[in-house]
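Residue strings, one per chain:
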2 protein chains.
Amino acid sequence: MAPGIVSPQRSFEHERASSGPAGLDASKLRVTKTLHPTKLPPAEDLTFGSHHTDHILQVQWTSEHGWQTPQIAPYQHLSLDPAAAVLHYGFECFEGMKAYRDVWGSVRLFRPEINLDRLNRSAARIALPTFDADELLKLIARFVQLEERFIYGRRKSGYSLYIRPVIIATNSNLGVAAPTSALLYCIACPVGPYFPAGFKAINLEATNSVVATRAWPGGAGNHKIGGNYAPCIAPEKAAKARGFQQLLWLFGDDDRITEAGTMNLFIVLRTEQERCFELITPPLDGMILPGVTRDCVLSLARERLAPLGWTISEREICMSEVVDAAGVGKLVEVFGTGTAAVVSPIRSIKYRDTLVQCGLSRHQSARAITTLFKEWIEARQYAVEEHPWSVPVSQIK
Amino acid sequence: MAPGIVSPQRSFEHERASSGPAGLDASKLRVTKTLHPTKLPPAEDLTFGSHHTDHILQVQWTSEHGWQTPQIAPYQHLSLDPAAAVLHYGFECFEGMKAYRDVWGSVRLFRPEINLDRLNRSAARIALPTFDADELLKLIARFVQLEERFIYGRRKSGYSLYIRPVIIATNSNLGVAAPTSALLYCIACPVGPYFPAGFKAINLEATNSVVATRAWPGGAGNHKIGGNYAPCIAPEKAAKARGFQQLLWLFGDDDRITEAGTMNLFIVLRTEQERCFELITPPLDGMILPGVTRDCVLSLARERLAPLGWTISEREICMSEVVDAAGVGKLVEVFGTGTAAVVSPIRSIKYRDTLVQCGLSRHQSARAITTLFKEWIEARQYAVEEHPWSVPVSQIK
């Protein structure tokens, strides 16, 4: 090309450069397929996070140039400078979402827009770059289609592909400052049923600020960032040694309930009126992770239980109220919610000197409402009930 | 060797294995020197963290086998599984410490045992492995001796080698659990004077839980872990846009002072008695990082100011007390302390609608006590005053 003559493409590139850092653009995706596909692990070996799929989705970002070319490549280790900010200052956020194979064999994502909006909010909270969520959704859909064989068959219900998008800071200046380069990546692992032999109810130990606090006003407990997790492990380990599988995180002088382990918590109380119930979960006050399953439970409850006379409450609830309700036989059931287990029944809560029984008889693993929510949600996840929450990946373009 | 005949060494190895995971052992260190030593950067380019030395110290750990062979190798990138726990759940802790060249040319570490004890406490808080601090000190001494040329000359005071030990979780199961493998590593960077052109006083903006809180009772704010840093950046960036270099983190309904940016805070008040003063810093209540420089200031103050009639207080202090003191001319000076700057003078604190002036006249950058502490501490760091705080690396064996 003669000097002075600028091709349309170069001119476009120039305009892009002059209009600031580039946005995330799924249309630029480059795919390099693995030459060595993994042998699928036996279905019974699919414990959470123990196997990964064949590929990794990666997009580099710099403050100067914005989002670079998205790449799907064979699963590989990351090469990080030992001074990379993610390794020192906790610049890391992530999501947990799932793809399911429906009864007709199609692969579907479940409410993925909620996960990607939350990832954007987590990123902004810790000064990591945000992105166009529609573009990331397209990339994840393409990634899931490539890994489709890892979602075990139609005949085995409870199987899914756990998808883990992550953003980490990669710049290697040791100063504590807003990241100037980052990597968004996504890996996935095949998972089997969380309760392969039926529900298993767990025992919680309540903890308050004297021992350990998970979140606080003005903190970042409502975001999915690395720093919220590591400090919970040592106190949880101590509780396990005392026979409690998870901690119930309380807050404040009045021992308000927040979350249980890494789950949102729901409590069913019998009300004063005959045959009337209240379903309670703590409100999104900045200390509670806005769980996708939490939102599903609230939506379904408002749709299907409220018409039956139930009260559906996002409100503060203290341990004293739970203890009192149990004392007069009004504590009906308690369960946790999360992407991994959907719902997880709670057998008991150790609070100070009291062991609060949560409505299960000795040989019972879950009560009616807990079981019902699992069925209702899974019906939409696997599209047994066709519903907008479940999006076929083939329709994401 | 004939079957059945066990060599003494094998027998020893067997005993070791049967007595549990191996402890950190500096005597096993293997050193691989770089074949391509870096050209030393010009002295005026030594801003914090912008250059690294030639080598990295690394020790692998597994829950099964304990601490492996320590290695010093050429500076290199880390290869991490994208599922490595450090990248997801904040399993990372670190230290910041310095080596100095004294007036006779010998290299010294400054109170390194405090840093290594703190690293052990940080590691335990987030379920990372702990270690024999004496062994790590020997390894760091050997590492510093190898990198000695990066500590700039005797004639230029204010230069040092910033040393960054780190422990990260490396296991790649996505479950949130206590790490089963980890990497302890240490990198270093040559640094120049923090205030090359003399002190520069900064302006703080006070913030409470309505905007952002750094730490909380039952949290992990008293530990040097990654999760304490990333969430501070976005609020700090917003304050910078309003003209304040750092945040003053308040806590509780009474707006108690905790830390400033990543520094401990000291306040000097004139007391009721003529020519008497009180030096105040918040107590180690679980929300305050137990800073090495904080401890130096308190020690020196008790040794040299208390005999002059000063009161040295580790006590709670609220913003109302600071505002009131400033109003009646009793706020004498305010400064932050940390490894990077030693002491950092504070010009003003924005609190609600008030801009509290901290005792500096318009053309003044630091007042007497702030300056004195810097001189006293540096005299020991550079061994101008021979003192047990400063340890020649050649004596660490």
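Residues numbered from 1 in each chain as written. Chains lettered and ligands numbered in written order. Predicted model: local features only at pLDDT ≥ 70, side-chain atom pairs only at ≥ 80, totals over all residues. Heavy atoms only, no water.

1. Thoughts on the overall build of chain A
As a reminder, the rule being used: What counts as a helix is a DSSP run of H or I of at least four residues, what counts as a strand is a run of E of at least two, and both are numbered from the N terminus. Two things to know: the radius of gyration comes from C-alpha atoms, and the globule rule equals 2.2 Å times the number of residues to the power 0.38. Here a residue-residue contact requires only that any non-hydrogen atoms of the pair lie within 4.5 Å. Computed with a 1.4 Å probe, the accessible areas rest on the Shrake-Rupley method; for each residue, only the protein chains presented here act as cover. Residues scored as positive are Lys and Arg, those scored as negative are Asp and Glu, and His as well as the terminal groups of each chain are ignored. Where a charge lies is defined by one atom per residue type: Lys uses NZ, Arg uses CZ, Asp uses CG and Glu uses CD.
Looking only at helices and strands, chain A has eight helices and 20 strands in total. Computed over its C-alpha atoms, the radius of gyration of chain A comes to 23 Å, within 12% of the 21 Å expected for a compact globule of 397 residues. Dimensions of chain A along its principal axes, counting C-alpha atoms only, are 90 × 50 × 40 Å. Once local pairs closer than 6 in sequence are excluded, the contacts in chain A between residues at least 24 apart make up 71%. Here chain A displays about 16,900 Å² of accessible surface, and carbon together with sulfur accounts for 51% of that area. Of the side chains in chain A, 42 bear a positive and 40 a negative charge, and the two mean positions are spaced by 6 Å.

2. With respect to the pairing of strand β10 (residues 181-191) of chain B
All names here are of chain B. The following threshold applies: Type-normalised accessible area, obtained with a 1.4 Å probe on protein chains alone, sets the label of each residue: buried when under 20%, exposed when over 50%, and partly exposed for intermediate values. Two strands qualify as a pair provided that DSSP identifies no fewer than 2 bridges between them.
Across the eleven residues that make up β10, a large majority, eleven, are buried. The alternating pattern of β10 places Ser 181, Leu 183, Tyr 185, Ile 187, Cys 189 and Val 191 on one face and Ala 182, Leu 184, Cys 186, Ala 188 and Pro 190 on the opposite face, and all of these are buried. Bridge count for strand β2 (residues 55-62) against β10 is six bridges, and the pairing is antiparallel. If you follow Thr 62 over to β10, its bridge partner there is Ser 181.

3. Side note on the nonpolar core
Formally: Residues belong to one nonpolar core when they are buried, are Ala, Val, Leu, Ile, Met, Phe, Trp, Tyr or Cys, and are joined through side-chain atoms within 4.5 Å.
A:Leu87, A:Phe131, A:Ile140, B:Leu87, B:Phe131 and B:Ile140 are the most contacted members of the largest nonpolar core, which has 134 residues in total. In terms of nonpolar packing, the next biggest core, distinct from the first, is built from 30 residues, A:Phe266, A:Phe277, A:Phe335 and A:Ile369 among them.

4. Some points on the side chain of A:His223
Tracing the chain through its elements places A:His223 in the loop between β11 (202-207) and α5 (230-241). If we skip the residues at most four places from it in the chain, A:His223 touches A:Arg121, A:Ser122, A:Arg125, A:Asn228 and A:Leu289.

5. Observations concerning the pattern of salt bridges
The following threshold applies: Note on definitions: salt bridges are taken to be side-chain nitrogens of Lys or Arg within 4 Å of carboxyl oxygens of Asp or Glu.
One pass over the structure, following the stated rule, counts 46 salt bridges over all chains. Note that A:Arg304 and A:Glu303 form a salt bridge whose closest N and O atoms lie 3.5 Å from each other. Assessed through its relative accessible area of 42%, A:Glu303 is described here as partly exposed. Between B:Arg149 and B:Asp54 there is a salt bridge, and its shortest N-O distance comes to 2.7 Å. In this pair, B:Arg149 is assigned in the loop between α4 (133-146) and β9 (160-169) and B:Asp54 in the loop between β1 (30-31) and β2, connecting sequence segments 95 residues apart. Taking the relative accessible area as the measure of exposure, B:Asp54 reaches 8% and is therefore buried. Here the salt bridges share partners, and the residues they tie into one network are A:Glu303, A:Arg304, A:Arg380 and A:Glu385.

6. Topic: helix α3 (residues 112-125) of chain B
Residue and element names in this part refer to chain B. Put simply, the test is: A helix is expected to reach a length of 1.5 Å times the quantity of its residues less one.
Here α3 is 14 residues long and its end C-alpha atoms lie 20 Å apart, about the 20 Å a rise of 1.5 Å per residue gives. Pro 112, Asn 115, Leu 116, Arg 118, Leu 119, Asn 120, Ser 122, Ala 123 and Arg 125 are the residues of α3 that are buried. Once α3 ends, the next one or two residues include Ala 127, with phi positive near 60°.

7. A word on the interface of chain B and chain A
One frequent convention defines the size of an interface as the accessible area lost when the parts assemble. The test is simple: Once two parts are joined, some of their accessible surface, as seen by a 1.4 Å probe, is lost; buried area is that loss totalled over both.
Every contact between the two is made by 60 residues of chain B and, on the other side, 59 residues of chain A. Sorting the residues of chain B by area buried against chain A places B:Pro82, B:Leu87 and B:Trp216 first, and these three jointly supply 14% of that buried surface. The interface formed by chain B and chain A holds zero salt bridges in total. Broken down by secondary-structure element, the contributors of at least two residues to the side of chain B that touches chain A are β5 (78-80), α2 (86-89), β6 (92-94), α3, β9, β10 and α5 (230-241) of chain B. Counting residues per element, the side of chain B that touches chain A draws most heavily on α5(B), which supplies six residues. The pairing of strand β5 (residues 78-80) of chain A with β5(B) spans three bridges and is antiparallel.

8. What about the UniProt feature "modified residue: N6-(pyridoxal phosphate)lysine" (unreviewed entry) in chain A?
All names here are of chain A. Test applied: UniProt positions are given in the numbering used here, feature names are shortened, and annotations may be inferred rather than shown by experiment.
Under the UniProt annotation, the feature "modified residue: N6-(pyridoxal phosphate)lysine" (unreviewed entry) is placed at Lys 224. Residue placement: Lys 224 occurs in the loop between β11 and α5. Look past the residues within four positions of Lys 224 in its chain and what remains in contact with it is Cys 93, Phe 94, Glu 95, Gly 96, Arg 118, Ser 122, Tyr 229 and Leu 289.

9. Observations regarding the confidence of the model for chain A
All names here are of chain A. For clarity, the cut-off: Confidence scores labelled pLDDT are given residue by residue by the predictor and lie between 0 and 100.
On average, residues of chain A score 93 in pLDDT, and 94% of them reach the 70 mark or higher. The model gives residues 1-17 a pLDDT under 50, and that stretch makes six contacts with residues more than four places away or in other chains. Across the assembled chains, the prediction reports ipTM 0.94 with pTM 0.94.

10. Considering the relation of the copies chain B and chain A
Between the two copies of the chain lies a relationship made up of a rotation around an axis and a movement along it. Using the following cut-off: In superposing the copies, a least-squares fit is computed on C-alpha atoms, taking residues whose pLDDT is at least 70 in both.
Each copy of the sequence occupies a distinct position, and chain B is placed on chain A by a rotation of 180° and an axial shift of 0.0 Å, giving an RMSD of 0.0 Å. The symmetry that links the two subunits is that of a two-fold axis. No C-alpha of chain B approaches the rotation axis more nearly than that of B:Gly227, which lies at 1.8 Å.

11. Let's talk about unusual backbone geometry
All names here are of chain B. One non-glycine residue, Ala 127, lies in positive phi territory at about 60°. Counting through the fold element by element, Ala 127 comes out in the loop between α3 and α4. Residue classification places Ala 127 among the buried residues on the basis of a relative accessible area of 14%.

12. Re a nonpolar patch on the surface
The condition that has to hold: Think of a patch as exposed residues, more than 30% relative accessible area, with no salt bridge, where like charges cluster within 9 Å and nonpolar side chains (Val, Leu, Ile, Met, Phe, Trp, Tyr) cluster within 5 Å.
Taken together, the side chains of A:Val103, A:Trp104 and A:Val384 present a nonpolar region at the surface, about 340 Å² in accessible area. Structurally, A:Val384 can be placed in the loop between α8 (368-381) and β20 (390-392).

13. Some words on the side chain of B:Arg118
Inspection of the secondary structure puts B:Arg118 in helix α3. B:Arg118 has contacts with B:Glu95, B:Lys224, B:Leu289, B:Pro290, B:Gly291 and B:Val292, leaving out every residue within four places of it along the chain.

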